[in-house]
There are 2 protein chains.
Amino acid sequence: MTIKISIDCMGGDHGPSVTIPAAIAFVKDEPDAELILVGLEDALKAELHKHLPSGHPRISIVPATEVIAMDDPVEVALRRKKDSSMRVAISLVKEGKAQACVSAGNTGALMAVSRYVLKTMPGVDRPAICTLIPNQKDCPTYMLDLGANVDCEPHHLHQFALMGSALVSALEGKPKPTVGLLNIGEEDIKGNDVVKQTAVLLRADHAKGVLNFYGNVEGNDIFEGTTDIVVCDGFVGNVVLKASEGLGRFLKNVLKTELKNGPVNLLGAFIAQGAIKAISQRMNPSRYNGASLLGLRGLVFKSHGGEDAYGFGWAIRRAFEAARHDALSQISTAISELMPASDAAAQASAGPGATPGINDINQEKTA
Amino acid sequence: MTIKISIDCMGGDHGPSVTIPAAIAFVKDEPDAELILVGLEDALKAELHKHLPSGHPRISIVPATEVIAMDDPVEVALRRKKDSSMRVAISLVKEGKAQACVSAGNTGALMAVSRYVLKTMPGVDRPAICTLIPNQKDCPTYMLDLGANVDCEPHHLHQFALMGSALVSALEGKPKPTVGLLNIGEEDIKGNDVVKQTAVLLRADHAKGVLNFYGNVEGNDIFEGTTDIVVCDGFVGNVVLKASEGLGRFLKNVLKTELKNGPVNLLGAFIAQGAIKAISQRMNPSRYNGASLLGLRGLVFKSHGGEDAYGFGWAIRRAFEAARHDALSQISTAISELMPASDAAAQASAGPGATPGINDINQEKTA
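Residues numbered from 1 in each chain as written. Chains lettered and ligands numbered in written order. Predicted model: local features only at pLDDT ≥ 70, side-chain atom pairs only at ≥ 80, totals over all residues. Heavy atoms only, no water.

I keep staring at the interface of chain A and chain B and nothing clicks. Help me out?
Interface size, as often reported, equals the accessible area lost upon joining of the parts. Facing 59 residues of chain A, the contacting portion of chain B comprises 60 residues. Together chain A and chain B conceal approximately 5,200 Å² of surface at their shared face, both sides included; 68% is due to carbon and sulfur atoms. On inspection of chain A and its partner chain B, the count reaches 4 salt bridges. In this structure, the salt-bridge partner of A:Glu224 is B:Arg249, at a minimum N-O distance of 3.2 Å. The interface formed by chain A and chain B includes 12 residue pairs in polar contact (both at pLDDT 80 or more). Top contributing element to the side of chain A that touches chain B by residue count: helix 9 (residues 234–259) of chain A, with 20 residues. (Contact = heavy atoms within 4.5 Å. Buried area = accessible area lost by both parts, 1.4 Å probe. Salt bridge = Lys/Arg side-chain N within 4 Å of Asp/Glu carboxyl O. Polar contact = N/O pair within 3.5 Å; in protein donor to acceptor, adjacent residues only side chain to side chain. Helix = DSSP H or I, 4+ residues; strand = E, 2+ residues; numbered from the N terminus.)

Rendered as structure tokens:
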């Protein structure tokens, strides 16, 4: 079965010079993939021609005349650049011409445009950003939200838990993945009111068999892989993710500096180069690239803006797998089961302006 | 000038077998230190005799008949065990017989008992926990709060900034250390309302020359050493700290596993053992042990419960340096300058029951 993915080729720090080589490598590697490259036509054709002079039967180009810059405010992305590569790529999902979209563009713009074009799923108040984090168990921890929602109510975190659970169930083939609620202690009494009230909702779901709620988890559990999913508000999630990236870079620098300190250490490092390569591979954040924007009526994946073709390829892979495993309908089912029908109808008829949380998204970090 | 430090020798996972060797090593190393060991008399005497059969002129014992267990609820620590080693050690500070106290006991109990015995400083609504975190620049980042306050108002974060600034000024000899406000982006528009309102207060202090406010910082800035101090609420601080500890352990395991993977790597690691020792030393969290409980009318330092004598020695060192540099009066001055005199008087006459935030502390993690 062919899976069609639309790619915003202009996004990210490097644009087509990264996105197109990644797309070519992916399509060669994945016989079921068909990729639609979206962007400034001349730029795409030139880059594609460099690598594949005669083209590829499963790669096509859809032109867009505008590009959303990494520092464009959300308003510009949303109201001024109506023919941006990002918007055209997302619209292909809306029109059913692609099953998922990938972009390395500005996160705030991507969330706002996706929300405007695709709308939120019935029953979802606010979409969330979910990413993978490596852990001791070598099966990733999925964590959400990562910054789309800085102020959350318990029912938002509740929805994040359901969406995350459905995504992991689809992508990892786990029928009942475990969900942990990020807190400052394991005991029920710990945490602020929002977290305590969320735990009540999640425990009720667990009792009904809807969710496999593990209970509270702490910061260290993210990297210990205690649960498949870790749920938190976007402020905490964003700070933890960036702190972890910062610590990772710091430790990598320590490693480099010390192993290059004098000829003896250099010799040792040369002999143990197999181990050092393996360490660097396991510590490579590019393997975990590709965050999903959950809660929309279509699959949208976000690559880190600074990724190279290897990393961008992982984002395409995540979008492809989510589409292949029909993650969207699994999320939709998980969410709709919990909603009275009347709510679902009201939600479905509401326009994008009616959805709360847009302010949060408007201030989302450009990265 | 002699500095007297009281030590709760019964706290932590190991009690006297760790705290007493650490105290002996410290007193031998530091001619200006006088240490008061507090705990069950027989246990202390036996352990001391093992290492120093004839005692030490600058080590004395003050007996206490009770011990606060690591899992004792705050109520038990506060109301039932009135002759606990922790409480007696803190009381020595209150009575002016010691200039600072160190304990590896239960954090929640330590905060509650310290607050009850010493009271909060005039102008401080809620004490906070401040710890050191290693960074790229190899001068530590001081971060607070780490979990004493899960729900903060802007004026709480404001007080944390002032207390942290005064502490770093005293300990690191920096007259105007930089203060960063932890957020999800650098721009003023980013973050939740509490953070935005806090920034307004900190900018006003900066304009008055009271504080060196850098602006918003992000998670990665903690490890990049962008600012001397990072201010956040106790929920975020606790999660970030534990996540960092978890990631550190994870990476250490990866390093170990890969370097022991096969004889060639083992040989390389053996040759580069100097570098590996240096890496392990720089990654060793024990060097950063010793968090301060700020905002009390006395200096109290908390060691991690699981530390060995080397780590516990660092906590004694931090307490000693804070006392030697008179951190207490610097913090008190920084806070009182901002308070109208009437507030100060009201605060000073209020009992411990009147201070808000005790609920937060009551739920503080046992560790």
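Let's pick the thread back up.
Quick question: what am I supposed to make of the domain arrangement of chain A here?
Residue and element names in this part refer to chain A. Along its sequence, chain A is organised into domain 1 (1–124 + 295–367) and domain 2 (130–289). The C-alpha centroid of domain 2 is placed 24 Å from the C-alpha centroid of domain 1. For the pair domain 1 and domain 2, the summed buried surface comes to about 2,100 Å²; carbon and sulfur atoms form 58% of the total. One can count 7 residue pairs in polar contact (both at pLDDT 80 or more) joining domain 1 with domain 2. The set of elements that each furnish at least two residues to the side of domain 1 that touches domain 2 consists of helix 12 (309–324), helix 13 (327–336) and helix 15 (358–362). Its residues assigned to classes, the side of domain 1 that touches domain 2 comprises 13 nonpolar, 8 polar and 8 charged. (Domains from an automatic or database assignment. Nonpolar A, V, L, I, M, F, W, Y, C, P; charged D, E, K, R; others polar.)

What's the story with the packing of helix 6 (residues 154–172) of chain B against helix 7 (residues 193–208) of chain B in this structure? I'm lost.
When two helices pack together, you describe them by how their axes are tilted relative to each other and by the distance separating the axes. Residue and element names in this part refer to chain B. Across the interface, helix 6 lies against helix 7 with an axial gap of 8 Å and an inter-helix angle of 45 degrees. Classed by the angle they form, the pair helix 6 and helix 7 counts as oblique. As for the relative orientation of helix 6 and helix 7, their crossing is right-handed in sense. Residues Pro154, His155, Leu157, His158, Ala161 and Leu162 of helix 6 lie in contact with helix 7, whose contacting residues are Val194, Gln197, Thr198, Leu201, Leu202 and Asp205. For the contact of helix 6 with helix 7, a count of residues per class yields 7 nonpolar, 4 polar and 1 charged. (Axes fitted to C-alpha atoms, helices over the stretch in contact; angles between N-to-C directions. Parallel < 35°, antiparallel > 145°, perpendicular 65-115°, else oblique. Left-handed = near helix turned anticlockwise from the far one by under 90°.)

Where do I start with the packing of aromatic side chains in this structure?
Think of a pair of aromatic rings as described by two things: how far the centres are apart, and how the planes are tilted against each other in angle. Residues and elements named next belong to chain A. Within this structure, the stated rule accounts for 2 aromatic pairs over all chains. A centroid spacing of 5.5 Å and a plane angle of 70 degrees characterise the contact between Phe26 and Phe320, whose relative ring orientation is edge-to-face. With Phe26 in helix 1 (residues 16–29) and Phe320 in helix 12, this residue pair connects regions lying 294 residues apart in the sequence. By relative accessible area, Phe26 is classed as buried at 5%. Taking NZ or CZ as reference, Lys119 lies 5.2 Å from the ring centre of Tyr116, over its face. (Phe/Tyr/Trp six-rings, centres within 6.5 Å; stacked < 30°, edge-to-face > 60°. Buried < 20%, exposed > 50% of the residue type's maximum accessible area, 1.4 Å probe, protein only. Lys NZ or Arg CZ within 6 Å of the ring centre and 35° of its normal.)

Can you help me understand the nonpolar core in this one?
Buried together is how nonpolar side chains tend to be arranged in soluble globular proteins. The biggest cluster of nonpolar side chains holds 207 residues, and the ones touching the most others in it are A:Leu37 and B:Leu37. When neighbours within four sequence positions are excluded, B:Leu37 is seen to be in contact with B:Ile7, B:Cys9, B:Ile20, B:Ala23, B:Leu44, B:Leu48, B:Ile59, B:Ser60, B:Ile61 and B:Val62. Ranked by size, the runner-up nonpolar core spans 29 residues in total, among them A:Val74, A:Ala98, A:Cys101 and A:Val117. (Core = buried A, V, L, I, M, F, W, Y, C linked by side-chain atoms within 4.5 Å.)

Help me understand the relation of the copies chain A and chain B, please; the structure alone is not making it clear to me.
The operation relating the two chain copies consists of a rotation about an axis and a shift along that axis. When chain A is fitted to chain B, the best match, at an RMSD of 0.0 Å, comes from turning it 180 degrees and sliding it 0.0 Å along the axis. The superposition operator between the copies reduces to a two-fold rotation axis. Identified as the residue of chain A closest to the rotation axis by C-alpha distance is A:Gly268, at 2.0 Å. A share of 100% of the interface residues of chain A reappears at the interface of chain B, consistent with the copies meeting face to face through the same patch. (Least-squares fit on C-alpha atoms with pLDDT ≥ 70 in both.)

In this structure, what is going on with the packing of helix 11 (residues 273–282) of chain A against helix 9 (residues 234–259) of chain B? I would like to understand it.
Remark: helix 11 of chain A packs on helix 9 of chain B, axes separated minimally by 9 Å, with the N-to-C direction vectors making an angle of 150 degrees. Of the possible angle classes, the one that applies to helix 11 of chain A and helix 9 of chain B is roughly antiparallel. For the pair helix 11 of chain A and helix 9 of chain B, the sense of crossing is right-handed. Here A:Ala275, A:Ala278, A:Ile279 and A:Arg282 of helix 11 of chain A lie close against helix 9 of chain B, whose contacting residues are B:Phe250, B:Val254, B:Leu255, B:Glu258 and B:Leu259. Of the residues assigned to the contact of helix 11 of chain A with helix 9 of chain B, the class counts are 7 nonpolar, no polar and 2 charged.

Teacher, can you tell me more about the sheet that holds strand 3 (residues 59–63) of chain B here?
Strand pairing in a sheet relies on backbone hydrogen bonds. The paired strands run either parallel or antiparallel. Residue and element names in this part refer to chain B. Pairing in this open sheet of 11 strands is mixed, and the strands run 3-2-1-4-11-10-5-6-9-7-8 from one edge to the other. Each edge of the open sheet is held by one strand with a lone partner, namely strand 3 and strand 8 (212–217). Taking the axes of each pair of neighbouring strands and ignoring which way they run, one obtains an average angle of 25 degrees across the sheet. As paired strands, strand 7 (residues 178–182) and strand 8 are joined by 5 bridges and run parallel to one another. Of the residues in strand 8, the one forming a bridge with Val179 is Phe213. (Pairing = 2+ DSSP bridges.)

Can you walk me through helix 6 of chain B in this structure?
The α-helix winds at 3.6 residues per turn, so residues separated by three or four positions along the chain end up facing the same way. Residue and element names in this part refer to chain B. For helix 6, spanning 19 residues, the distance from its first C-alpha to its last is 26 Å, which sits close to the expected 27 Å at 1.5 Å a residue. Of all 19 residues that make up helix 6, 17 are buried, and the element is covered over most of its length. Looking one or two residues past helix 6, Gly173 carries a phi angle of roughly 65 degrees, positive in sign. (Expected span 1.5 Å × (residues − 1).)

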